[in-house]
Amino acid sequence: TNFGSREPKFVKTSDSPLMNIELILLLALVGFFCKPLGLHIARVLDVKAKTGLDVAIKPLERGIYRCCGIDPYQEQNWKEYLWALLSFSLLSLVGTFALLLLQSYLPFNPQNFSAPSWDLAFNTAISFMTNTDWQNYGGESTLSYFSQMVGLTVQNFLSPAVGLAVAAALVRSIARSEETTIGNFWVDLVRICLYLLLPFALITAPFFLWTGVPQNFQEYTKVTTLEGEAQIIAQGPVASQEAIKMIGSNGGGFMNVNSAHPYENPTPLSNFIQIFLILLIPAAQFYYYGHSVEDTRHGWCIIAAIAILFVTASLGVAYAESEGNPLLAKMGITGGNWEGKEVRMGIFPSSLFACATTAVSCGAVNCMHDSLLPISSLAPFLFMEIDEVIFGGVGAGLYSLILYIILAIFVSGLIIGRTPEYLGKKIAIFDVKMTMIAILSYVLLVHGGTVIALSTEWGRHGIENSGPHGFSEILYAFSSCAANNGSAFAGLSADTVNYNLSLAIAMLLGRFSIIIPVIALAGSFVRKKIVPKSAATFPISSRIFISLLIGVIILLGALTFLPALTMGPIIEQFEMLRGMFSP
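Residues numbered from 1 in each chain as written. Predicted model: local features only at pLDDT ≥ 70, side-chain atom pairs only at ≥ 80, totals over all residues. Heavy atoms only, no water.

1. What to know about the overall build of the chain
Basically, it comes down to this: Only runs of H or I of at least four residues qualify as helices and only runs of E of at least two qualify as strands under DSSP, and these elements are numbered from the N terminus. Each radius of gyration is computed over the set of C-alpha atoms, and the globule rule expresses the reference value as 2.2 Å times the number of residues to the power 0.38. The cut-offs for exposure are 20% and 50% of the maximum accessible area for each residue type, with area from a 1.4 Å probe on protein chains only; residues under the lower value are buried, those over the upper are exposed, and the others partly exposed. Between two residues, a contact is recorded if the distance between any of their heavy atoms is within 4.5 Å. Using a 1.4 Å probe, the Shrake-Rupley method yields the accessible areas, and only the shown protein chains count as cover for residues. We count Lys and Arg on the positive side and Asp and Glu on the negative side, and we leave His and both chain ends out. To locate a charge, take NZ of a lysine, CZ of an arginine, CG of an aspartate or CD of a glutamate.
Looking only at helices and strands, one finds 19 helices and 4 strands in the chain. What you see for the chain is a C-alpha radius of gyration of 24 Å, in line with the 25 Å of a compact globule of 583 residues. Projected onto its principal axes, the C-alpha coordinates of the chain cover approximately 75 × 55 × 50 Å. The buried share among the 583 residues of the chain stands at 60%. Residue pairs in contact within the chain that sit at least 24 positions apart in sequence constitute 79% of those at least 6 positions apart. By element, 67% of the accessible surface of the chain is carried by carbon and sulfur atoms, the whole surface being about 23,500 Å². Charge centroids of the chain, computed over 32 positive and 38 negative side chains, lie 12 Å from each other.

2. Structural notes on the pattern of salt bridges
Any two side chains of opposite charge can pair, given that their charged atoms come close. Note the cut-off: Take a side-chain nitrogen of Lys or Arg and a carboxyl oxygen of Asp or Glu: if they are within 4 Å of each other, that pair is a salt bridge.
For the structure on display, the rule yields 11 salt bridges. A salt bridge links R191 to E61; the nearest nitrogen and oxygen atoms lie 3.1 Å apart. You can see R191 sitting in helix α7 (residues 185-211) and its partner E61 sitting in helix α2 (residues 54-68), a full 130 residues away along the chain. Note on accessibility: R191 and E61 belong to one class, buried. Across the pair K341 and E321 runs a salt bridge, and its minimum N-O distance is 2.7 Å.

3. Observations concerning the confidence of the model for the chain
Where we set the bar: By definition, pLDDT measures how confident the predictor is in each residue, and it falls between 0 and 100.
Confidence along the chain averages 89 in pLDDT terms, with 95% of residues attaining 70 or more. Here helix α11 (residues 326-330) is the element of the chain with the lowest mean pLDDT, 78, and helix α3 (residues 78-101) is the one with the highest, 96. Long-range and interchain partners of residues 1-15, a stretch whose pLDDT sits below 50, account for 16 contacts in this model, where long-range means more than four residues apart.

4. With respect to the pairing of strand β2 (residues 230-233)
Just so we agree on the cut-off: Paired strands, as defined in this entry, are two strands with at least two bridges between them according to DSSP.
Of the strand pairs in this sheet, strand β1 (residues 221-224) and β2 are connected by 4 bridges, and their pairing is antiparallel. For K222, the partnering residue across the bridge sits in β2 and is I232. Where β1 hands over to β2, the hairpin turn is made up of 5 residues, of which G228 adopts a positive phi near 85 degrees.

5. Focus: the packing of aromatic side chains
Selection criterion: Aromatic rings from Phe, Tyr and Trp, taking only the six-membered ring of Trp, are treated as a pair when their centres fall within 6.5 Å; an angle between ring planes under 30 degrees marks them as stacked, one over 60 as edge-to-face, and anything in between as tilted. The criterion is that NZ of a Lys, or CZ of an Arg, lies within 6 Å of the ring centre and within 35 degrees of the ring normal, and then a charge sits over that ring.
On inspection of all chains with the given rule, the structure shows 22 aromatic pairs. Between F97 and F122, the ring centres sit 6.1 Å apart and the planes meet at 85 degrees, which makes this aromatic pair edge-to-face. With F97 in helix α3 and F122 in helix α4 (residues 118-129), the pair connects residues that are 25 residues apart, well separated along the chain. F122 gets classed as partly exposed once you look at its relative accessible area, which sits at 27%. Here the aromatic residues F108, F113, Y145, F217, Y220 and F254 are joined through ring pairs into a cluster of three or more. One residue, R191, lies across the ring of Y195, its end atom 4.7 Å from the ring centre.

Below you can see the structure in the form of structure tokens.
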């Protein structure tokens, strides 16, 4: 603001050079670490390979194998791998559910919180087991320190490890020829936690502590404000959860408002690092993929395709938000759309965070997505509704994008009238069926859940807003849960028995209706013979491939969800431009 003039002047965020610098720096850092981290992931997922952490961690790894009776060199076929994964996931669900119900009897509960209701505990247990971290509760007012750390933070390590293990099994199946095994689930799980997630958490937690994120077990602090009112300030082991929350694309906040809380995200520096951590492993996993199939150019082409989509959407959201609300402009209130955002972060960092957290299945938020302009909310919607393949979650983004690549290659094969092949593997009918089951299951979950909620009294009762915005609240909730994202649109009162159960089902099926076909697909691919390239082989390391992949992602997402989005944010945008407002 120029205080020397009578009329206030506002600097548009889109005109600020800091916007371009922050985005360029973010892309440069992510791109710089893609290769070294991707190579490290490759070594972690090869039990015979050596890593730089072997001296410190190898004894612990061997001890775990001995205690659990695991033979690290005994591999599994796809059915054995899937059975181990499902068994472990069920155990994680039951353990977390029981821990939450027994919260009042467990230690580290200085506020003496009682146990959450059974339906909320069930929803939360499924949420963290599936790497969704959807929260129908306020962390600082509902859960004890023990529940937060032993229950949820532990799952923040295990659930992304399960996702990356599934991706590793699929990658091995593509890289191998005429074999039957796809790895050992237990070994993958242990090595991902010990050699990848744990070291990263040990590095980043002290950083967050340095920026001002608390880490203690004290009782909540009672203070008197300048107005003389009593206020309770939450405490707790926040920094340790904050680290793995970002690294593992988890997103569950210790506090109710997540990374919009100054204890979770104190400074613009911590905000930038959080966005960087959200994108880091999801980007590096594509280099790991290219390295594993001995075609690093293919990995870079995938990274280029999803980076183009991510940058385009992020700039679009930032521009729309910086232009502001036309309804307020007609009232003489100019400037960007600051509703739901904090001045300590700004419009562009908030817009970039919103895109990053939905492009990756993270779900952390530093602004309220409910307050985004309708046109801006299209980006978070579409990022989730295309199965979050624009980077995507740890592991989940990789195997989901491979499904889209298989579909793209299959379409290109139909066009030229040739049996499609991918990296030397012929794509058969079974492969296409598994791919379509995985992709369409998400569509059915989002549309089906939204229709059921809208057609029932309990579903409509939770809507805070009327009209298309209220429709968007329900559509976003089922999109977020089925995509295992976990971010909330806000405005939807979802802590009811019906919503807790229906959204829990969406999270559960959204996770395993994709994982099961992916593991079955791995079982099919690993048995195939790799055929040599020919003149008719589709080039997967070229600009043609990048264009085809972008086109398939956009068309599939747009054609599938355009009708639903038209009823929500698109209609709301047109109403806003016409001067209409839905209360």
